[in-house]
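Structural description and commentary
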Amino acid sequence: MRALAMSATAFGVVLGLGALGAAAGALTAPALARRYGPGPMMLAALAITPVTQLPLLLASPGFVWQITIGAALFVQLACAGAAGTTQRSIRQIVTTAGMQARMQAASTWLTSGARPVAALLAGALGTWGGVRPTLTAGALLLLIPLVVLARSPIRALRQMPDPPADQTSLPAVPSPTRTDDARHERALGGDAS
């Protein structure tokens, strides 16, 4: 922000554009996945994402660069929103009902747990090696998900997968053996029957 002489207001507008991009990506993901296929759509989104870092790497102070960075962030987060929404949908479809919560918890733990570590590492690298080299390294690291997806069978997925055969009906929710009132009465020394 200081290197680009960006005011707090301009920075807020840039972040707002990014948020709009994320919403646009998430909202258009189903239509894009139907039109191009979920695999190719996610592959394209992951291929575009590293390119969106170029304006930030090349920027110098000025209003034109602030608009360019805002537009790039819009596109980057639109790609992230579209790819993220689609990959979560695929995971939800192929995961059996009994494993849904575990799958989502593991995914959230991995992604949310990595953020503070990545922020600390990026801050340390930025302090030690400079901001632009660190941003360049970050842009190059954005190629890893692209390579992983390009080497997986998901890249050729042309339509959303069918749910597993055992997931055709929702599991019955077991009824409690005791009501809350019965537990409360027992705790107070009353008769639970």
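Look above for the structure.
Note that this is a predicted model, so its numbers are computed, not measured. (Residues numbered from 1 in each chain as written. Predicted model: local features only at pLDDT ≥ 70, side-chain atom pairs only at ≥ 80, totals over all residues. Heavy atoms only, no water.)

Some details on the nonpolar core
Where we set the bar: Nonpolar cores are built from buried Ala, Val, Leu, Ile, Met, Phe, Trp, Tyr and Cys residues. Side-chain atoms within 4.5 Å join them into one set. Classification of residues uses two cut-offs on accessible area relative to the type maximum, computed with a 1.4 Å probe and protein chains only: under 20% is buried, over 50% is exposed, and between them is partly exposed. Strands are runs of DSSP state E lasting at least two residues, helices are runs of H or I lasting at least four, and both sets are numbered from the N terminus onward. Contacts are residue-level and defined by heavy atoms, with any inter-residue pair within 4.5 Å sufficient.
Counting ten residues, the largest nonpolar core consists of Ala29, Ala33, Met41, Met42, Ala45, Cys79, Ala82, Ala83, Ile90 and Leu149. Mapped by element, the contributors of at least two residues to this core are helix H1 (8-36), helix H2 (38-51) and helix H4 (63-94). In terms of residues, this core owes the most to one element, H4, which gives four residues. Apart from the residues lying within four places of it in its own chain, the contact partners of Leu149 are Gly39, Met42, Leu43, Leu46, Ile154 and Arg155. Core analysis: the next-biggest nonpolar cluster, separate from the first, contains seven residues, Met6, Val14, Ala59 and Ile69 among them.

Focus on a nonpolar patch on the surface
What counts, and what does not: Patch definition: residues with relative accessible area over 30% and no salt bridge; like charges joined within 9 Å; nonpolar side chains (Val, Leu, Ile, Met, Phe, Trp, Tyr) joined within 5 Å. Per-residue and other accessible areas were derived by the Shrake-Rupley procedure at a 1.4 Å probe size, with only the shown protein chains allowed to occlude residues. Between Lys or Arg on one side and Asp or Glu on the other, a salt bridge is scored when a side-chain nitrogen of the former is within 4 Å of a carboxyl oxygen of the latter.
A grouping of Leu20, Ile48, Phe74 and Val75 is seen on the molecular surface, where their side chains present a nonpolar patch of about 320 Å² in accessible area. The residue Phe74 is located in helix H4 in this model.

Side note on the environment of Ala45
Relative to the helices and strands, Ala45 resides in helix H2. Residue Ala45 is classed as buried on the basis of its relative accessible area, which comes to 5%. On a C-alpha basis, the gap between Ala45 and Ala82 in space is 7.4 Å, while along the polypeptide they are 37 residues apart. Discounting chain neighbours no more than four positions away, the residues touching Ala45 are Cys79 and Ala83.

A short note on the side chain of Gln66
Relative to the helices and strands, Gln66 is located in helix H4. With relative accessibility at 16%, the residue Gln66 sits in the buried group. Leaving out residues up to four positions away in the same chain, Gln66 has contacts with Leu4, Ala5, Met6, Ala10 and Val14.

Looking at the packing of H2 against H4
Our working rule: Angular values range over 0 to 180 degrees, each being the angle between N-to-C directions of two axes fitted as lines to C-alpha atoms, with helices fitted over their stretch in contact. A crossing counts as left-handed when the near helix is turned anticlockwise from the far one by less than a right angle, and as right-handed when that turn is clockwise. Each residue receives one of three labels: charged for Asp, Glu, Lys and Arg, nonpolar for Ala, Val, Leu, Ile, Met, Phe, Trp, Tyr, Cys and Pro, and polar for the others, Gly being one of them.
H4 packs onto H2 with a crossing angle of 145° between their chain directions and a minimal axis gap of 9 Å. Both H2 and H4 take part in a crossing whose hand is left-handed. Across from Pro38, Met41, Met42, Ala45, Ile48 and Thr49 in H2, the residues of H4 making contact are Val75, Gln76, Cys79, Ala82, Ala83, Thr86, Gln87 and Ile90. Residues that form the contact of H2 with H4 fall into these classes: ten nonpolar, four polar and no charged.

Fair warning: the whole summary comes from geometry, so function is off the table for now.
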